[in-house]
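Observations on chain architecture
Below, each chain spelled out in residue letters.
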Amino acid sequence: MRATISSAASCLPCLHGHGRGMAAAAACLVTVTILALAALDPRTQASWFLQSSSSSSSVSSLSSLHPSGGGGGGAEHLLVTSSSYFSDGGTGGRRRKSRGKDVHEEVQVGHGDDLFLSLTSSSSGHGAPPQLSVTPAAAAPEPKPVQAVAPAPAPAPAPAPATESSDEAIQATPQVQSRRDVKLERLELGLAKARSAIMEAIQNKDKRPPLADKDYVPMGPIYRNAYAFHRSYLEMEKLFKVYVYEEGEPPVFHDGPCRSIYSTEGRFIYSMEMETRMRTRDPDLAHAFFLPFSVVKMVKMIYEPNSHDMGPLKRTVSDYIGVLSSKYPYWNRSLGADHFMLSCHDWGPYISSANGHLFGNSIRVLCNANTSEGFNPSKDVSLPEINLRSDTVDRQIGGPSPSRRPILAFFAGGNHGPVRPSLLAHWKGKGLPDVQVSEYLPHGVSYTEMMRRSRFCLCPGGYEVASPRLAEAIYLGCVPVVVDDGEYALPFADVLDWGKFAVRMRVADVPRMREVLEAVSPRQYIRMQRRVRAVRRHFMVHGGKPRRYDAFHMILHSVWLRRLNVRIAAAAAQG
């Protein structure tokens, strides 16, 4: 776990020039609206961009989202996603804990398979990753919103962080609304139409030709369903609106690092501040609400080094949500389910437990996308970790053809976490010219050039599951090899078919790594590398304005998909 920021240079701000009045004082949460969230009902699940196969597959039940005393609408679950190529096969697998704090013990919701998807394993050998297989259900008609029967108004206690014994993701005491929220009804109607169009694209029984697009048309095996992704992306551009709360002062709010291992956090905040197409200044027109706090900046500005006390960070988030829920009706009407936070710091999951609804209901966009620590791929978003050393990645792009890559496998990095010790123990210093595994590179040897000379780049996590090597390998045309036991939810896996351009290898297979990689034929490798180059556009971070289909827009698209799974019912008029 990266507990501190070592220098000012490693946390260079984006200099947004964003000034606001201070509004980060503590406030009591107030209950003001009736909520009826659609249940994420496993009986009516349909798969987003996932191909069904002949192998049997099972999807475990997901926790329903509804207020206490009220009913949840039975909506088909459009987004069924996980980035794992394999499950632990019932053996429990390797469970990773963060250094300093056992995050999963304090904040995990539900009980194991009650919350996370069950994955099917295939018998493909020699490290070829089995494909995730989910059988989509038949499309169900749009259900009518279910209205909660409200008890007599009563003050509600502040929500406590969800715990392992939580049976429901949301607990709330709704209060009677005096009139219907017509604007909310219009928003939900628009989302329902988009949902219907995308469901039709998923099926695409007539095998219609690709949609027109002046910039880029998604095609090919790197996508689970290229046509459906394209339709969804165009629907997002046409409809999706995000409101960015203006409360809070930089640098903890509306700011973040733009040149560091945490740069995707600052770059997204900066791009969202500058966004014009999908950002709205009118919260009544918003489908989603962004909480623009930076965990990296909190650690730098609020956390006392070596204190192991994250209480002040959690209180900052709790107080911030208290202010927003007191000033606006939007958090309370959905209990945070249409709100999202974003963090690339390892402590992001832990700090999100400052509010039970933030952890259990909201969309958490996290680099630390660890399913063993409560990350829920059907609700949360895996954020790619990109280590930017300058304002642009253009100089980090490109590499030679396979014939000019003499190294079979390459890794260089610190010996920490549960995976790297095994990798270094078996392959460090073996004197093999085509397997270059080391803890530190010799002086004068370029890390980037080593990746450019390698066919496969090993991407094991450290203290946490994410690694910037994943994006670096994609940038440099090196086929990434994810080494873990399936707990890492890979970025954009609801759209991208990682098995077509990457290898996923269990920790137990590290001793036979060379055998696994040599089993990939030259012809197959050429296809995989070509696909790595094709998928690169979705991980690009541009120095100026974001471009369509780049990392910023792919993150927004992941949020868009998850917002489609939430239906908020406007309260009926009271007599």
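Residues numbered from 1 in each chain as written. Predicted model: local features only at pLDDT ≥ 70, side-chain atom pairs only at ≥ 80, totals over all residues. Heavy atoms only, no water.

Looking at the overall build of the chain
From N to C terminus, the chain includes 15 helices and 12 strands. A separation of at least 24 residues holds for 79% of the contacts in the chain among residues at least 6 apart in sequence. Within the structure as shown, the chain displays about 22,100 Å² of accessible surface, and the carbon and sulfur contribution to it stands at 52%. (Helix = DSSP H or I, 4+ residues; strand = E, 2+ residues; numbered from the N terminus. Contact = heavy atoms within 4.5 Å. Areas by Shrake-Rupley, 256 points an atom, 1.4 Å probe, with all protein chains shown as cover.)

Some points on helix H10 (residues 420–427)
All of the buried residues in H10 are Arg420, Ser422, Leu423, Leu424 and Trp427. Structurally, H10 contributes buried residues whose contacts are with strand S8 (407–412), strand S9 (435–438), strand S10 (454–460), helix H12 (469–475) and helix H13 (513–518). (Buried < 20%, exposed > 50% of the residue type's maximum accessible area, 1.4 Å probe, protein only.)

Regarding the sheet that holds S8
Across the sheet, which stays open at both edges, the 5 strands sit in the order S9-S8-S10-S11-S12 with parallel pairing between neighbours. Looking along the sheet, the strands with just one partner apiece sit at the ends: S9 and strand S12 (503–505). With direction set aside, neighbouring strand axes in the sheet form an average angle of 20°. For S10 and strand S11 (residues 479–483), the ladder comprises 5 bridges, and the chain directions are parallel. Of the residues in S11, the one forming a bridge with Leu458 is Val481. Across the sheet, helix H14 (residues 522–535) touches S10, S11 and S12, and the angle it forms with S11 is around 95°. (Pairing = 2+ DSSP bridges. Axes fitted to C-alpha atoms, helices over the stretch in contact; angles between N-to-C directions.)

Quick word on the sheet that holds strand S6 (residues 363–366)
On the basis of which strands lie adjacent, the open sheet formed by 5 strands has the order S3-S4-S5-S6-S7 and parallel pairing. Of all strands in the sheet, those bounded by a partner on one side alone are strand S3 (242–244) and strand S7 (381–382). Note: strand S5 (residues 339–343) against S6, 4 bridges, orientation parallel. Among the inter-strand pairings, Met341 is bridged to a residue of S6, identified as Arg364. Packing of helix H4 (residues 263–274) onto the sheet brings it into contact with S3, strand S4 (288–290) and S5, and relative to S5 it is tilted by some 135°.

Some details on the state of the cysteines
Under the counting rule described, the total for this entry stands at 2 disulfides. Cys457 supplies the cysteine sulfur nearest to Cys459, a cysteine that is in no disulfide, at a spacing of 6.5 Å. (Disulfide = S-S within 2.5 Å.)

Focus: a positive patch on the surface
Residues Arg523, Arg527, Arg530 and Arg533 make up a contiguous surface patch of positive charge. Mapped onto the elements, Arg530 comes out in helix H14. (Patch = residues over 30% accessible without salt bridge, like charges linked within 9 Å, V, L, I, M, F, W, Y side chains within 5 Å. Salt bridge = Lys/Arg side-chain N within 4 Å of Asp/Glu carboxyl O. Lys, Arg positive; Asp, Glu negative; His and termini not counted. Charge placed at Lys NZ, Arg CZ, Asp CG, Glu CD.)

Description of the environment of Glu188
Here Glu188 lies in helix H2 (residues 182–203). In sequence terms Glu188 and Ala569 are 381 residues apart; their C-alpha atoms lie 8.1 Å from each other. Filtering out sequence-adjacent residues up to four positions away, Glu188 remains in contact with Arg563, Val566, Arg567 and Ile568.

Quick look at unusual backbone geometry
Outside of glycine, negative phi angles account for most residues, and trans bonds account for most peptide bonds. Cis geometry marks the peptide bond from Pro250 to Pro251; its omega dihedral reads 10°. In this structure, Leu335 is a non-glycine residue whose phi angle is positive, near 50°.

Comments concerning the environment of Val482
Inspection of the secondary structure puts Val482 in strand S11. Val482 sits 22 residues away from Pro460 along the chain, and the two C-alpha atoms are 5.9 Å apart. For Val482, the contacting residues outside a window of four places in its chain are Cys459, Leu470, Tyr488, Leu490, Val503, Arg504 and Met505.

Quick word on the packing of helix H3 (residues 226–239) against helix H15 (residues 551–564)
At a minimum axis distance of 10 Å, the contact between H3 and H15 shows a crossing angle of 90°. Relative to H15, H3 is oriented roughly perpendicular. Contact residues: H3 offers Phe229, Ser232, Tyr233, Glu235, Met236 and Leu239, while H15 offers His553, Met554, Leu556, His557, Trp560 and Leu561. Taken together, the residues of the contact of H3 with H15 sort by class into 8 nonpolar, 3 polar and 1 charged. (Parallel < 35°, antiparallel > 145°, perpendicular 65-115°, else oblique. Nonpolar A, V, L, I, M, F, W, Y, C, P; charged D, E, K, R; others polar.)

Looking at the pattern of salt bridges
Taken as a whole and judged by the stated rule, the model has 25 salt bridges. Two residues, Lys238 and Glu235, come together in a salt bridge whose shortest N-O distance is 3.4 Å. Placement of the pair is Lys238 and Glu235 together in helix H3, with a separation of 3 residues, close to one helical turn. Classification of Lys238 as exposed rests on a relative accessible area of 63%. Judged by relative accessible area, Glu235 falls into the buried class, the value being 7%. Salt-bridge contacts for Asp497 lead to Lys500; the nearest nitrogen and oxygen are separated by 2.8 Å. Here Asp497 falls in the buried class, since its relative accessible area comes to 8%. What makes Lys500 partly exposed here is its relative accessible area of 27%. Three or more residues are tied together by salt bridges with common partners; here these are Asp213, Lys214, Asp215, Glu237, Arg277 and Arg548.

Here's the deal with the pairing of S10
For S10, a buried count of 6 out of 7 residues is recorded, marking the element as mostly surrounded by other parts of the structure. The pairing of S8 with S10 spans 3 bridges and is classified as parallel. Considered in S10, the bridge of Ile407 is made with Ser454. Between the parallel elements S10 and S11, the chain passes through H12 in a crossover that is right-handed. (Right-handed = clockwise from strand over helix to strand, strands pointing away.)

Quick look at the packing of aromatic side chains
A complete count under the given rule lists 25 aromatic pairs for this structure. A ring pair is formed by Tyr243 and Tyr245, whose centres lie 5.5 Å apart and whose planes are at 90°; its orientation type is edge-to-face. Both rings, one in Phe290 and one in Phe340, keep their centres 4.9 Å apart while their planes meet at 25°; by these two values the pair is stacked. Taken together, the residues Phe290 in strand S4 and Phe340 in strand S5 connect sequence positions 50 residues apart. By relative accessible area, Phe290 is classed as buried at 1%. What links up through ring pairs into an aromatic cluster is the set Tyr216, Tyr223, Phe229, Tyr233 and Tyr549. The cationic tip of Arg364 hangs over the ring face of Phe359; the distance from NZ or CZ to the ring centre is 4.2 Å. Here the guanidinium or amino end of Arg537 rests over the ring plane of Tyr216, the centre of that ring lying 3.9 Å away. (Phe/Tyr/Trp six-rings, centres within 6.5 Å; stacked < 30°, edge-to-face > 60°. Lys NZ or Arg CZ within 6 Å of the ring centre and 35° of its normal.)

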